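Chain by chain, the residues run as shown.
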Amino acid sequence: MDNGATMHLAVSLFSGTADPSPEPEFDRLARFAQKAEAAGLDMVLLADAAPASSSDAANRQVPFEATTLLAALATVTSRIGLVAMASTIAHQPYNLARRFASLDIISHGRAGWHATMVQAPREAANFSRPEGFSSADFRRRTEEYIGIVQGLWQGWDADALLFDKGGGRFHDPEKMHLLDHKGEFFSVRGPLNVARSPQDMPVLVLSGFSEHDLYVAARTADVILLDERSAEDTKARHDDLRRRVAARGRDPDAVKVLINVSPVTGGKPAALADRLEEQFHSTSCDGFNILMPAQLSALDDLVDLVLPELRRRGLFRAGYRGTTLRSHLGLAGGGDQ
Amino acid sequence: MTRQMKLGAFLWATGHHIAAWRHPKAHVTAGIDIDHYIRLARTAEAAKFDLLFCEDAAGLREANVGIASQTSRSIGFEPISLLSALAVQTSRIGLVSTASTSYNEPYGLARTFLSLDHLSGGRAGWNLVTSASQIEAANFGSTGLRPHADRYERAREFAEVVTGLWHGKLDGASGSGGHDGQSFSVRDPLDLPRSPQGAPVMVQAGASDVGRDLAARTADVVFTAAQTFEEAKAFYDDLKGRLAAYGRERDDIKIMPGVAPVVAETEAEAREKYEELQELIPDDVGVALLSSYLSIADLWRYPIDGPLPELPATEGMQSRQALVIEQSRRDNLSIRQLARHFAGARGHWRIAGTAVQVADALQARFEGGAADGFNVIPSYFPGELDAFATLVVPELQRRGLFRKDYDGRTLREHLGLKRPL
């Protein structure tokens, strides 16, 4: 059981990696994920940016869209959580819910969806909406969207599949539920045509909030990512979030707060360990999302130098206890309990 | 070199036979078991199949929950994620997934398939469908199905944008200014490098007149359902004949009709195997399936041992409806007989026999100018895919009709398709 004494650690992988290597791109990324797994990290977050500008696009080196990359990485890892960013503009909610439900089964309960509350500039223009959405519309639409996705993820009860060849009953129709959602932006009947998640539901990671959005996070998120600010500010936001989570009738520990950290490369490992320890205590956050620089080899320093130091101080667990991402994160419904 | 046939391995749930999941040797948990699919992919790759094929629908197959619960088709993997997983667990075989032009946007679809193409080193293909099911429509805010012609007009524009993105021809920087059309607008080029095979392979299966025109304009591969040699040949000649109008050559499209083989050491064994599956079909399930092919809801109202009633024209799968009606009249079949027949092979050509008999039948259609290859539709998994791979493929190889090893690395190379400029 997670008692909050040890931190959760994620690493974020961005699309513009820059190690010169003759190795196929996927093999490099697979080694990265395997190294993070060997180190016992909770999860790898896969970014999936829409093009910021046309000239930038041509220089991208990782040629993969995040959900497809997640599926491939799932087959070459066995414990680490895999979270893909996917845009609410680029996908219809039914398709997105279905993709992640499938990824969760492929990975045996290690998948998560990273949604952002911020509208990517330019993106809507590639999806037949040149005018985009107003901020207020985007916020209401995202809230509705997340509700649909999580609703669809619960369309099949955990014991719905019977596989009864002799009796001719594949599933129990009473344990399959329509969503019948009719809202401002979407109407979705459901259910998904993918079975229930091995970890109950894929993990929902949210980022990019303004203060207005905390109520959405309080209701729906499993993990939220906050940018690094002053300790007082972060602690105040965290406390606010916990109050809101409790007000929604959820356990305040049901939402894990990770702070985005950019490690200073070349610094002393003990210095990063000090920084994480200090923030972990002063902000009462649940852990960190380490933003990897362009060189994947930066993971080596983290794993070989910083993690042993954190473990020596009793701040990071020795290894995985369960097999699902929910279980790594100490979230309910992990499938391992 | 002599012309060789192309082979697809059509993966679907526990098998294509509606009662496949009840077969004692069927892998009943296929829909939640990725290792099962990795084994199937490796079986097909070891047998040198050109491609794996996944069909798709963004919704349940059957609206009646009681009927649906007696089939294995209500749950399974979403095919893009499935094929992305298989891409890095295989090295040569092509990976083709179905995706709808009605419930996606071209930019996202082009990007996703291009990513699959990169993960697989140039082995991806997209099977374009326009989606004909009301059940799917209800998952996408629609109150009803679009008329057939509208669906195809949207599909035509969709395909044009996707291929434009793949070919790097929608690059705003190059002066073309993206795409601003009737149904879609796109501003930027894709943020991924060009495909290792030039562009993913374009596949289609629509067989209506407007579907054939769209295929003639854009497809590299066409899947089709044809019961008899004459039907297959007529379709083949018609489609190849449409290519010149689009400045294309006859060999620019590979036509691969579906074939549902039941193979065994002896013909009697093969028939027995087939009957064993047929016996597992509940009547209500068979009739419901037949109803879906006919795009009507109330077939169960009619006497099961009587003939098909007169049917209204459909906005759904027009060509499949025509095929069922044609067969019911030709063979004078009752609703029950038709239901069982179509439940068995889903309207595709069924052959039960020895490896030699199956190879003979395939050879006759291939050499008779009715097919460039076949999309193999195993009745249940893994058994019938294994049987085809171990019995029929060696026989085809012995006759020089199928490759003994892959010559190329990409799907376009396997299929003998030109690399787009």
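Quantities reported herein were computed from a predicted structural model and do not represent experimental measurements.

J.: Where do I start with the overall build of chain A in this structure?
T.: Summing up its helical and strand segments, chain A has 10 helices and 12 strands in all. In terms of overall dimensions, chain A is globule-like: its C-alpha atoms have a radius of gyration of 20 Å, near the 20 Å expected for 337 residues. Each principal axis of the C-alpha atoms in chain A carries an extent, and together these give about 60 × 45 × 45 Å. Put simply, chain A has 337 residues, and 56% of those count as buried. Partitioning the contacts of chain A with sequence separation of at least 6, the portion at a separation of at least 24 is 75%. For chain A, the exposed surface amounts to about 12800 Å²; the carbon and sulfur share of it is 50%. For chain A, the centre of its 37 positive side-chain charges and the centre of its 44 negative side-chain charges are spaced 2 Å apart.

J.: For this particular structure, what's the right way to read the UniProt feature "binding site: FMN" (unreviewed entry) in chain B?
T.: Under the UniProt annotation, "binding site: FMN" (unreviewed entry) lies at B:D56, B:T98, B:H148, B:Y152 and B:S208. Mapped onto the elements, B:D56 comes out in the loop between β2 (51–54) and α2 (65–68). With near-sequence residues (within four places) excluded, B:D56 lies in contact with A:R98, B:R61, B:P79 and B:T98. Of note is the side chain of B:D56, whose polar atom sits 2.5 Å from the side chain of A:R98. Tracing the backbone shows B:S208 in the loop between β7 (201–204) and α7 (209–218).

J.: Is there a simple way to explain the environment of B:G59 in this structure?
T.: Mapped onto the secondary structure, B:G59 falls in the loop between β2 and α2. Overall, B:G59 belongs to the buried group, its relative accessible area being 0%. Taking the C-alpha atoms as reference points, B:G59 and B:N139, 80 residues apart in sequence, are found 7.0 Å from one another. When residues no more than four places from it in sequence are discounted, the contact partners of B:G59 are A:Y94, A:N193, B:E136 and B:N139.

J.: For this particular structure, what's the right way to read the nonpolar core?
T.: Note on soluble globular proteins: their nonpolar side chains tend to be buried together. Core analysis: the largest hydrophobic core is formed by 149 residues, its most contacted members being A:W113, B:F49 and B:L362. Examining the composition of this core, we find that 8 residues originate from one element, helix α4 (residues 93–106) of chain A, more than from any other. When near neighbours in sequence (up to four residues on either side) are disregarded, B:L362 contacts B:M5, B:V259, B:W349, B:I351, B:F374, B:F388, B:V392 and B:L396. Grouped together as the second largest cluster of nonpolar side chains are 30 residues, B:Y107, B:A110, B:F184 and B:M202 included.

J.: Got a minute to help me understand the confidence of the model for chain A in this structure?
T.: Regions with low pLDDT carry predicted coordinates that are not meant to be interpreted in detail. Taken residue by residue, chain A gives an average pLDDT of 89. The fraction at 70 or more is 90%. Considering only residues more than four positions removed or in separate chains, one finds that residues 51–60 of chain A, a stretch of pLDDT under 50, has 17 contacts.

J.: Which parts of the structure should I look at to understand the domain arrangement of chain B?
T.: Interfaces are frequently sized by the accessible area removed from exposure as the parts join. All names here are of chain B. Partitioning chain B into domains gives domain 1 (6–266 + 347–415) and domain 2 (276–342). For domain 1 and domain 2, the distance between their C-alpha centres works out to 25 Å. Taken residue by residue, the interface counts 28 residues in domain 1 and 22 residues in domain 2. Roughly 2100 Å² of surface becomes buried between domain 1 and domain 2 when both sides are summed, with 60% attributable to carbon and sulfur atoms. One can count 1 salt bridge joining domain 1 with domain 2. Here the residues of the side of domain 1 that touches domain 2 sort into 11 nonpolar, 11 polar and 6 charged.

J.: I tried to follow the interface of chain A and chain B on my own but got confused; where do I start?
T.: On the chain B side, the residues contacting the 56 residues of chain A number 59 residues. With both chains or domains summed, chain A and chain B bury close to 5000 Å², and 60% of this area falls on carbon and sulfur atoms. Of all residues in chain A, the largest losses of buried area upon contact with chain B belong to A:N126, A:K165 and A:F170, amounting jointly to 15% of the total for that side. Inspection of the chain A/chain B interface yields 4 salt bridges.

J.: What is the right way to read the packing of helix α3 (residues 66–74) of chain A against helix α3 (residues 79–87) of chain B from this model?
T.: Relative orientation and spacing of two packed helices are given, respectively, by the angle between their axes and the distance between those axes. Between α3(A) and α3(B), the shortest axis-to-axis distance is 7 Å and the interhelical angle comes to 50 degrees. Relative to α3(B), the element α3(A) is oriented oblique. Note on packing geometry: the crossing formed by α3(A) with α3(B) is right-handed. On α3(B), the residues touching A:T68, A:A71 and A:A72 of α3(A) are B:I80, B:S81, B:S84 and B:A85. Of the residues belonging to the contact of α3(A) with α3(B), the class tally is 4 nonpolar, 3 polar and no charged.

J.: What am I meant to see in the environment of A:G314 here?
T.: All names here are of chain A. As for its placement among the helices and strands, G314 is situated in the loop between α9 (298–312) and α10 (325–329). G314 sits in the partly exposed class, given a relative accessible area of 42%. Distance in space between the C-alpha atoms of G314 and T6 is 7.0 Å, their sequence separation being 308 residues. Beyond its immediate sequence surroundings of up to four residues, G314 is in contact with A5 and T6.

J.: I tried to follow the side chain of A:R110 on my own but got confused; where do I start?
T.: Residue and element names in this part refer to chain A. Within the element layout of this structure, R110 appears in the loop between α4 and β4 (111–116). Buried and unpaired, R110 has E37 as its nearest opposite-charge partner, separated by 4.1 Å. In terms of polar contacts, R110 uses its side chain to reach the backbone carbonyl oxygen of S78, at 3.4 Å.

J.: Where do I start with the sheet that holds strand β9 (residues 203–207) of chain A in this structure?
T.: Two orientations exist for strands paired in a sheet by backbone hydrogen bonds: parallel and antiparallel. Residue and element names in this part refer to chain A. The 8 strands are arranged β1-β2-β3-β4-β9-β10-β11-β12 in a closed barrel whose pairing can be described as parallel. Here the average twist between neighbouring strands, direction ignored, is 25 degrees. Most of the contacts of α3 go to strand β3 (residues 81–85), to which it runs at about 165 degrees, and overall it touches β2 (43–46), β3 and β4.

Criteria and thresholds
- Numbering of residues starts from 1 in each chain and follows the order in which that chain's sequence is written.
- Note on labels: chains are lettered from A, ligands numbered from 1, in written order.
- The model is predicted, so local features are restricted to residues of pLDDT at least 70 and side-chain atom pairs to those at 80 or more, both for listing and for counting; the totals for chains, interfaces and linings are taken over all residues.
- Processing note: side-chain calculations cover all non-hydrogen atoms of the structure and skip hydrogens and water entirely.
- Labels follow the DSSP assignment, with helices taken as runs of H or I lasting at least four residues and strands as runs of E lasting at least two, numbered in each case from the N terminus.
- Radius of gyration here uses only the C-alpha atoms, and the compact-globule reference equals 2.2 Å multiplied by the residue count raised to the power 0.38.
- Residue burial is assigned from relative accessible area. The probe radius is 1.4 Å, only protein chains are included, and a residue is buried under 20% of its type maximum, exposed over 50%, and partly exposed in between.
- Note on contacts: a residue pair qualifies if any of its non-hydrogen atoms lie within 4.5 Å across the two residues.
- Method for areas: the Shrake-Rupley scheme with a 1.4 Å probe, in which residue coverage is limited to the protein chains shown.
- Charged residues are defined here as Lys and Arg on the positive side and Asp and Glu on the negative side; His and the ends of the chain fall outside this count.
- By convention, the point assigned to a charge is CZ for Arg, NZ for Lys, CD for Glu and CG for Asp.
- UniProt positions are given in the numbering used here, feature names are shortened, and annotations may be inferred rather than shown by experiment.
- Polar contact criterion, stated in full: a pair of N or O atoms within 3.5 Å, where within protein one must be able to donate a hydrogen and the other to accept it, and residues adjacent in sequence count only if both atoms are side-chain atoms.
- For the purposes of this section, nonpolar cores are sets of buried Ala, Val, Leu, Ile, Met, Phe, Trp, Tyr and Cys residues that join through side-chain atoms within 4.5 Å.
- Every residue carries a pLDDT, the predictor's confidence in it, which falls somewhere between 0 and 100.
- What fixes the domain bounds is an automatic or database domain assignment.
- Joining two parts hides part of their accessible area as seen by a 1.4 Å probe, and the buried area is that hidden amount summed over both.
- We count a salt bridge whenever a side-chain nitrogen from Lys or Arg sits within 4 Å of a carboxyl oxygen from Asp or Glu.
- Charged means Asp, Glu, Lys or Arg here, nonpolar means Ala, Val, Leu, Ile, Met, Phe, Trp, Tyr, Cys or Pro, and polar covers whatever is left, Gly included.
- Orientation is described by axes fitted as lines to C-alpha atoms, over the contacting stretch for helices, and by angles from 0 to 180 degrees between their N-to-C directions.
- Working rule for angles: under 35 degrees goes down as roughly parallel, over 145 as roughly antiparallel, 65 to 115 as roughly perpendicular, anything else as oblique.
- Put simply, a crossing is left-handed when the front helix is turned counterclockwise from the back one by less than a right angle, and right-handed when it is turned clockwise.
- Only when DSSP finds a minimum of two bridges between them are two strands counted as paired.

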